[in-house]
Amino acid sequence: RWLGGNTPTGYASESVSKVSMDGKVRKACFLKVIPEEISLVQLIFEKFFETGSLTKTEAFLLEKRYSTKRGKQFTRFAIKNILTIPVYMIADEAAYDYLMENKADLYSEKSDFDGEHGIMAYNRTEQRPGKANQIRPMEEWIVSVGKHQGIIPGERWIQVQTMLDANKSKSYRRPRSNVALLSGLLRCGDCGDYMRPKLTNR
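Throughout what follows, the structure given in this document is the object of discussion. What you see is a predicted model, and the numbers here were worked out from it, not measured in a lab. (Residues numbered from 1 in each chain as written. Predicted model: local features only at pLDDT ≥ 70, side-chain atom pairs only at ≥ 80, totals over all residues. Heavy atoms only, no water.)

## Brief notes about the packing of aromatic side chains
For any two aromatic rings, the description comes down to two numbers: the centre-to-centre distance and the angle of the planes. Here the structure, examined in full by the defined rule, presents five aromatic pairs. Aromatic pair Phe60 and Tyr66: ring centres 6.4 Å apart, planes at 35 degrees, arrangement tilted. By relative accessible area, which is 33% here, Tyr66 ends up partly exposed. With a centroid separation of 6.0 Å and an interplanar angle of 75 degrees, the aromatic rings of Tyr98 and Trp157 are classed as edge-to-face. Taken together, the residues span a long stretch of sequence, with Tyr98 in helix α4 (residues 93-101) and Trp157 in helix α5 (residues 154-168) at a distance of 59 residues. Since its relative accessible area comes to 16%, Tyr98 is described here as buried. Of the residues examined, Trp157 reaches a relative accessible area of 1% and is grouped as buried. Among the aromatic residues, those joined into a ring-pair cluster are Tyr11, Phe45 and Tyr88. Directly above the aromatic system of Phe60 lies the positively charged group of Lys47, at a separation of 4.3 Å from the ring centroid. Here Arg156 stacks its cationic end above the ring of Phe49, 3.5 Å away from the centre of that ring. (Phe/Tyr/Trp six-rings, centres within 6.5 Å; stacked < 30°, edge-to-face > 60°. Buried < 20%, exposed > 50% of the residue type's maximum accessible area, 1.4 Å probe, protein only. Helix = DSSP H or I, 4+ residues; strand = E, 2+ residues; numbered from the N terminus. Lys NZ or Arg CZ within 6 Å of the ring centre and 35° of its normal.)

Spelled out as structure tokens, the structure:
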């Protein structure tokens, strides 16, 4: 079931009430597909798989005027967030093997991986006040097959994670000193001042 928080693009949270054996009404939330949003998620996966680039995927979405669930322009951060959430991964044999290999704390039997439902991963992020959420190592995830429909085959979702990991090694590294090759040579086109690198914690 869905425990709350921001609902992933492609789904709405639907509250379901059931009467338990002791006569108490119990409520639980489940994810329900929003077809037009799911199509967009599939497109994002396809475009990233095709280009191998968050920047090119972002440029495509901006050019085609696609917007997020909240009506904003897509950023690389928002795209990466969609690409890494396991909720979209179809619970199939490839998904089961991947989660087992990565030592996720699995609360579903292999037979539950029916090639139809999606994955629910709990304890996936570490939330600290005033800091961006950090993704925990997969062995700390608590994983189950959800009651919602999965949309990205396990093999394709895993391929996308591999591509994202490969991109990490090419990502920008902040300079560690103010010494730079063109320092004192480059000048601002507007004011004429020299351009120099600056280190900051912001």
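Text resumes after the structure shown.
## Some words on the sheet that holds strand β4 (residues 117-122)
Taken in spatial order, the three strands of this open sheet run β3-β7-β4, and their pairing is mixed. Here the strands that pair on one side only, and so sit at the sheet edges, are β3 (105-106) and β4. Both β4 and strand β7 (residues 142-149) contribute to a ladder of five bridges, which runs antiparallel. Along β7, the bridge assignment pairs Ala121 with Val143. (Pairing = 2+ DSSP bridges.)

## A short note on unusual backbone geometry
Even without being a glycine, Arg65 presents a positive backbone phi close to 60 degrees. According to the relative accessible area criterion, Arg65 is exposed, its value standing at 75%. Positive phi values are uncommon outside glycine, yet Lys103 reaches one of about 60 degrees. In this structure, Lys103 sits in the loop between α4 and β3. Note on Lys103: relative accessible area 60%, which makes it exposed.

## Side note on the packing of α4 against α5
Two numbers describe how α4 lies on α5: the axes approach to 7 Å, and their chain directions differ by 45 degrees. When the axis of α4 is compared with that of α5, the two are oblique. Touching Ala94, Ala95 and Tyr98 of α4 are Gly154, Glu155, Trp157, Ile158 and Gln161, all from α5. Considered class by class, the residues forming the contact of α4 with α5 number five nonpolar, two polar and one charged. (Axes fitted to C-alpha atoms, helices over the stretch in contact; angles between N-to-C directions. Parallel < 35°, antiparallel > 145°, perpendicular 65-115°, else oblique. Contact = heavy atoms within 4.5 Å. Nonpolar A, V, L, I, M, F, W, Y, C, P; charged D, E, K, R; others polar.)

## Regarding the pairing of strand β1 (residues 11-19)
Where β1 meets strand β2 (residues 25-33), nine bridges bridge the pair, whose relative direction is antiparallel. In the sheet register, Ser15 faces β2, and the bridge partner there is Cys29. Between β1 and β2, which pair antiparallel in sequence order, lie five residues; one of them, Gly23, sits at a positive phi of approximately 85 degrees.

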